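Chains, contacts and geometry: an overview
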There are 2 protein chains.
Amino acid sequence: MARPTPLSGFPEWLPDGRIVEQHVLDTLRRVFELHGFGGIETRAVEPLDQLLRKGETSKEVYVLRRLQEEAGDADAAGRGDKQLGLHFDLTVPFARYVLENAGHLAFPFKRYQIQKVWRGERPQDGRFREFTQADIDVVGAGELPYHYEVELPLVMAEALGALRDIGVPEVRVLVNNRRVAEGFYRGLGIDAVDEVLRQIDKLDKVGPEKVAALLVSEAGTTPEQAQACLALAGISGSDTGVVDRVRALAAEHGVESELLETGLAELGALVEAASVRAPGAVVADLKIARGLDYYTGSVYETVLVGHEQLGSICSGGRYDTLASDGANTYPGVGLSIGVSRLVSRLLSAGLVRATRSVPSAVVVAVTSEETREQSDAVATALRSRGIPVEVAPAAAKFGKQIRYADRRGIPFVWFPGRVDEDGARTPDQVKDIRSGEQVDADATTWEPPAEDLLPRVVPAGG
Amino acid sequence: MARPTPLSGFPEWLPDGRIVEQHVLDTLRRVFELHGFGGIETRAVEPLDQLLRKGETSKEVYVLRRLQEEAGDADAAGRGDKQLGLHFDLTVPFARYVLENAGHLAFPFKRYQIQKVWRGERPQDGRFREFTQADIDVVGAGELPYHYEVELPLVMAEALGALRDIGVPEVRVLVNNRRVAEGFYRGLGIDAVDEVLRQIDKLDKVGPEKVAALLVSEAGTTPEQAQACLALAGISGSDTGVVDRVRALAAEHGVESELLETGLAELGALVEAASVRAPGAVVADLKIARGLDYYTGSVYETVLVGHEQLGSICSGGRYDTLASDGANTYPGVGLSIGVSRLVSRLLSAGLVRATRSVPSAVVVAVTSEETREQSDAVATALRSRGIPVEVAPAAAKFGKQIRYADRRGIPFVWFPGRVDEDGARTPDQVKDIRSGEQVDADATTWEPPAEDLLPRVVPAGG
């Protein structure tokens, strides 16, 4: 078999990269659980008709077929097996999970979900076909109070903030409120709200002049309306002064709208609460548009400060109808982190590193294959106190056994004492191979320094 | 949208079931890491030609196609994209990972891998189309010492043994050595070794009489050879007496074989080491056959004592050629746990339960929406000391807020003190809703009892 080459769009990490990714996932999970979010997993597949309900993503779906399946065979047709596709996000499967299990869930239901998703698109720079997402959502049965729209972005800000220790840059959550935009546009006399938002969404890419022209040509606005939309999109700030500026702009254009007022009250409450609970982490940014056929209230994007060109690494919003059955409609609010993109960036930019590539803190040397049992016993004693240990692969010269540890970044090598003819055993010794210091040690009591116990993930300079 | 129904073969758990599964996964990971195994993940897909190298599994593969893909389109043909399928185990992708990254890995390379796998077969009772496997393997470059064949099943026995606290039954690792069987068969004058093993593998299903007939009709043995094969398969035991019995049987049939002697020395060493390090956990069982076109030394199966009818929940063995490129051959030894099958059994048999369905140990009550900020501050103080907390969804009557906690199994409800007109605040109180006991508490110092901090997984009777 020739040496295989990577598949474009399907990222994999070497063991030390996986330590970084695992640390990110463990950190996110810990913060989500501290806030009471329970973990669930859903199957990787959904019936194709469910995946295609959002028309725009249909081109991205990977469809499954059994290798031996034949057109019209009993399994695919007669027994009514549905065509299956891999999920392309965690929202569609979550909506299905909520409907399927509604009778067994307690609402409001807070869940996190960390799983792979797949998109069958052509891989481009930074575009993955398989990647890990980490989502949090709160879903109510029938109703969901506004305060969750404040809480959720703050949980995400805290989760991402918990990664600053390892060198993840500061994050900034950019928030907007769909009601503000829609209320303002309608107040201006614009009906094609979705189309305006689609054009506004291009601001960072094509600039205000092009967007102004597109608003006229594509959304049918007047040049004056277009300028007002751009003026709204230009407003941002991290205090309630933002609300005042939007009100002033509305007054200037004679806009009066209940919807706008509702949205501004919500946006103001969010910015105010955030300034108390996570100062500087949340900024109101009126140009944030998102795919707004879906969201109905707050919308969120998140950038790494100083790496804004990466785009949003964590997005989401409020939706009034996550799912609906005969009995209930389920409104929710949630955000999703693109973990693979984040980890890929941390690794490729050399921002973080693992202190070693294996869990082991200690290699127990083997004096001879006949006394391997003695080394195994040392390893067992150390492990019983939570210290990750491996035993050397062969009773080679100690220099070679030390190199085995060194190559993996394992800081300590343990030398079992020698047993003489009378059965007396000289003391065991442990060597810190970084400093060369070697001391007597007892496997039932010795501990490595806390910072050496497990591989740590640290800023690459550290 | 009508209420969706589960897809047969694609298991999903409710939140409390997921807590059980997560506990199992965390426990396995902890034990693997204590033994120095590093975690990796591989992509879910492999090129179809790689997946089909093992002919017998080909019928089980799920093949992917992009929804918009057309026969002969530029993407599939012109640009040379390979056809992709979902992996059906973690061994094929691991072999490819080793070859692809050999230059960046340190050998012997010890890794664990916990991921979903997919098999496109018709679901039957207990057969999943999507399930989680947890694998450990050690792979050498060119060579791999025998002692890893002793170590690996003991790591698995320890990992599964660490689950006994939560009600997982005792496990027994059944071991055999392919060299023993092959040496014995060849010594008898049988050449069709693989065919004999295939028939012996049916012993538990169809019984010895049927197998004797099949050995004659399918493997071309004489009735006497068939009886000798059955006699070998009938030997089992947890000490080196097993080796003596095999030797006696060989002598009885005039079998002399170097391969047999090598195999017996290895099997004896494994049983002996196991009796020291994990008494009772490992039993030599000469009827264990496995898919032996692949394994070349030790083979393993693992049963839950008292639930043997479930079949093997953890299997594996030694293989001389995991993979091979121009420069090196990579021998290895590994085992794989079927986690979904284990968890499914634990849940459906009611053997284990989670003490609650959410992470939260505390619900902070909300006196009025105007003072929600005060409840948020209490939650923040508790979380800063690692206590999972949520704030009540609405400022409902306290009875309703207590029911919110009760329905989720959350043990404590926190009542922020009331602030009077002068700004003085009565002490906060915390209520254990199981006992009804309510005491003054300070959010900067209070802690729940250790056993209430996180949801625990316990035997269902506990």
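Residues numbered from 1 in each chain as written. Chains lettered and ligands numbered in written order. Predicted model: local features only at pLDDT ≥ 70, side-chain atom pairs only at ≥ 80, totals over all residues. Heavy atoms only, no water.

1. Section: the overall build of chain A
Along the backbone of chain A there are 16 helices and 19 strands. Over its C-alpha atoms, taken along the principal directions, chain A stretches across nearly 100 × 60 × 45 Å. Residues counted as buried form 58% of the 462 residues belonging to chain A. Residue pairs at least 24 apart in sequence account for 69% of intrachain contacts in chain A once pairs closer than 6 positions are excluded. Looking at chain A as shown, the accessible area adds up to about 18,800 Å², and 48% of this sits on carbon and sulfur atoms. The averaged location of the 68 negative side-chain charges in chain A is 5 Å from the averaged location of its 52 positive side-chain charges. (Helix = DSSP H or I, 4+ residues; strand = E, 2+ residues; numbered from the N terminus. Buried < 20%, exposed > 50% of the residue type's maximum accessible area, 1.4 Å probe, protein only. Contact = heavy atoms within 4.5 Å. Areas by Shrake-Rupley, 256 points an atom, 1.4 Å probe, with all protein chains shown as cover. Lys, Arg positive; Asp, Glu negative; His and termini not counted. Charge placed at Lys NZ, Arg CZ, Asp CG, Glu CD.)

2. Here we look at the interface of chain A and chain B
Between chain A and chain B, the contact holds 92 residues from the first and 92 residues from the second. Counting every contact that joins chain A to chain B gives ten salt bridges. A salt bridge links R29(B) to D26(A); the nearest nitrogen and oxygen atoms lie 2.6 Å apart. The tally of links from chain A across to chain B stands at 35 residue pairs in polar contact (both at pLDDT 80 or more). With eight residues, helix 1 (residues 15-34) of chain A is the single largest residue contributor to the side of chain A that touches chain B. Taken together, the residues that form the side of chain A that touches chain B break down as 40 nonpolar, 19 polar and 33 charged. (Salt bridge = Lys/Arg side-chain N within 4 Å of Asp/Glu carboxyl O. Polar contact = N/O pair within 3.5 Å; in protein donor to acceptor, adjacent residues only side chain to side chain. Nonpolar A, V, L, I, M, F, W, Y, C, P; charged D, E, K, R; others polar.)

3. Things to note about the sheet that holds strand 6 (residues 130-139) of chain A
Residues and elements named next belong to chain A. Strand order in this open sheet of nine strands is 1-5-6-12-11-10-7-9-8, and the pairing throughout is mixed. Sheet topology places strand 1 (38-39) and strand 8 (236-237) at the edges, where each strand pairs with a single neighbour. In this structure, strand 8 lies alongside strand 9 (residues 282-285), joined through two bridges in antiparallel fashion. Opposite G237, over in strand 9, you have A284 as the bridge partner. (Pairing = 2+ DSSP bridges.)

4. Quick word on the packing of aromatic side chains
Overall, the coordinates contain 13 aromatic pairs over all chains when judged by the stated rule. Measuring from ring centre to ring centre gives 5.3 Å for F107(A) and Y330(A), while their planes differ by 40 degrees; the resulting arrangement is tilted. Taken together, the residues span a long stretch of sequence, with F107(A) in the loop between helix 4 (91-101) and strand 5 (109-118) and Y330(A) in strand 12 (residues 329-338) at a distance of 223 residues. Judged by relative accessible area, Y330(A) falls into the buried class, the value being 3%. Centroid distance W414(A) to W446(A): 5.5 Å. Interplanar angle 75 degrees. Geometry classified as edge-to-face. In this pair, W414(A) is assigned in strand 16 (residues 412-415) and W446(A) in the loop between strand 18 (438-441) and helix 16 (450-453), connecting sequence segments 32 residues apart. Both residues of the pair, W414(A) and W446(A), count as buried. Among the aromatic residues, those joined into a ring-pair cluster are F412(A), W414(A) and W446(A). The ring of F94(B) has R111(B) sitting right over it, with the charged end atom 3.8 Å from the ring centre. (Phe/Tyr/Trp six-rings, centres within 6.5 Å; stacked < 30°, edge-to-face > 60°. Lys NZ or Arg CZ within 6 Å of the ring centre and 35° of its normal.)

5. Focus: the pairing of strand 12 of chain A
All names here are of chain A. Burial analysis of strand 12 places nine of its ten residues in the buried class, which makes it a mostly covered element. In this structure, strand 6 lies alongside strand 12, joined through seven bridges in antiparallel fashion. Residue pairing in the sheet places V139 in a bridge with G332 of strand 12. Bridge count for strand 11 (residues 314-324) against strand 12 is eight bridges, and the pairing is antiparallel. Bridging across to strand 12, Y319 finds its partner in G332. Taking the residues between adjacent antiparallel strands as the criterion, strand 11 and strand 12 are bridged by four residues.

6. Let's talk about the pattern of salt bridges
Summed over all chains, the structure comprises 59 salt bridges over all chains. Between R119(A) and E60(A) there is a salt bridge, with its nearest N and O atoms 4.0 Å apart. Of this pair, R119(A) sits in the loop between strand 5 and strand 6 while E60(A) sits in the loop between helix 2 (48-51) and strand 3 (62-66); the two residues are 59 residues apart in sequence, bridging distant segments of the chain. You can call R119(A) partly exposed: its relative accessible area is 21%. It is possible to trace a salt-bridge network through shared partners that takes in E12(A), R43(B), E46(B), R96(B) and E100(B).

7. What to know about the confidence of the model for chain A
Looking at chain A, pLDDT values average 92 and 94% of them are 70 or higher. Scored below 50 in pLDDT, residues 72-80 of chain A makes eleven contacts in the model with residues more than four places away or belonging to other chains. (pLDDT = per-residue confidence, 0-100.)

8. Let's talk about the sheet that holds strand 18 of chain A
All names here are of chain A. The strand order across the open sheet formed by five strands is 15-14-16-17-18, and the pairing between neighbours is mixed. One side of each edge strand has no neighbouring strand; the edge strands of this open sheet are strand 15 (389-391) and strand 18. Each adjacent strand pair in this sheet contributes to an overall mean axis angle of 25 degrees, direction not counted. Summarising the sheet, strand 17 (residues 428-432) and strand 18 pair through four bridges and their orientation is antiparallel. Looking across to strand 18, one finds that D428 is bridged to A441. Along the sheet, helix 14 (residues 372-383) makes contact with strand 14 (362-364), strand 15, strand 16 and strand 17, crossing strand 15 at roughly 175 degrees. (Axes fitted to C-alpha atoms, helices over the stretch in contact; angles between N-to-C directions.)

9. Looking at helix 13 (residues 339-348) of chain A
Residues and elements named next belong to chain A. Taken together, the buried positions of helix 13 are occupied by V339, S340, L342, V343, S344 and L346. On its buried face, helix 13 is in contact with helix 1, strand 6, helix 5 (147-161), strand 10 (298-304), strand 12 and strand 13 (352-354). Of the residues one or two after helix 13, G350 is the one with positive phi, at around 65 degrees.

10. Things to note about the relation of the copies chain A and chain B
For the pair chain A and chain B, the superposition axis carries a translation of 0.0 Å, the fit reaches an RMSD of 0.1 Å, and the rotation angle comes to 180 degrees. Accordingly, the operation relating the two chain copies is best matched by a two-fold axis. In terms of proximity to the rotation axis, the leading residue of chain A is L64(A), whose C-alpha is 2.5 Å off the axis. (Least-squares fit on C-alpha atoms with pLDDT ≥ 70 in both.)

11. Details of the domain arrangement of chain A
Reports of interface size often rely on the accessible area that becomes lost once the parts have come together. Residues and elements named next belong to chain A. Taken as a whole, chain A is organised into domain 1 (15-41 + 126-353) and domain 2 (362-459). When each unit is reduced to the centre of its C-alpha atoms, the spacing between domain 1 and domain 2 is 51 Å. Both sides of the domain 1 and domain 2 interface together cover about 560 Å² of buried area, and 67% of this is carbon and sulfur. Of all residues in domain 1, the largest losses of buried area upon contact with domain 2 belong to I19, I166 and R353, amounting jointly to 67% of the total for that side. Run the count over domain 1 and domain 2 and you get zero salt bridges. Between the two partners, domain 1 and domain 2, sit one residue pair in polar contact (both at pLDDT 80 or more). When residues of the side of domain 1 that touches domain 2 are traced back to their parent elements, those giving at least two are helix 1 and strand 13. The dominant element in the side of domain 1 that touches domain 2, judged by the number of residues it contributes, is helix 1, at three residues. Classifying every residue of the side of domain 1 that touches domain 2 by side-chain character gives five nonpolar, two polar and two charged. (Domains from an automatic or database assignment. Buried area = accessible area lost by both parts, 1.4 Å probe.)

12. Here's the deal with the nonpolar core
Most often, soluble globular proteins have nonpolar side chains that are buried together. Residues L28(B), F32(B), F184(B), Y185(B) and I200(B) are the most contacted members of the largest nonpolar core, which totals 86 residues. Of all the elements, helix 5 (residues 147-161) of chain B adds the most residues to this core, at nine residues. Setting aside anything within four residues of it in sequence, one finds F32(B) in contact with F37(B), Y112(B), A134(B), I136(B), V155(B), M156(B) and A159(B). Of all hydrophobic cores here, the second largest spans 85 residues; its members include V31(A), F37(A), L270(A) and A289(A). (Core = buried A, V, L, I, M, F, W, Y, C linked by side-chain atoms within 4.5 Å.)

13. Observations concerning the environment of K202(B)
Residue and element names in this part refer to chain B. With respect to the element layout, K202 can be found in the loop between helix 7 (193-200) and helix 8 (203-219). Judged by relative accessible area, K202 falls into the partly exposed class, the value being 33%. Distance from K202 to G167, taken between C-alpha atoms, is 30 Å for residues 35 residues apart in sequence. Every residue in contact with K202, bar those within four places of it in the chain, is listed here: G207, V211 and L214.

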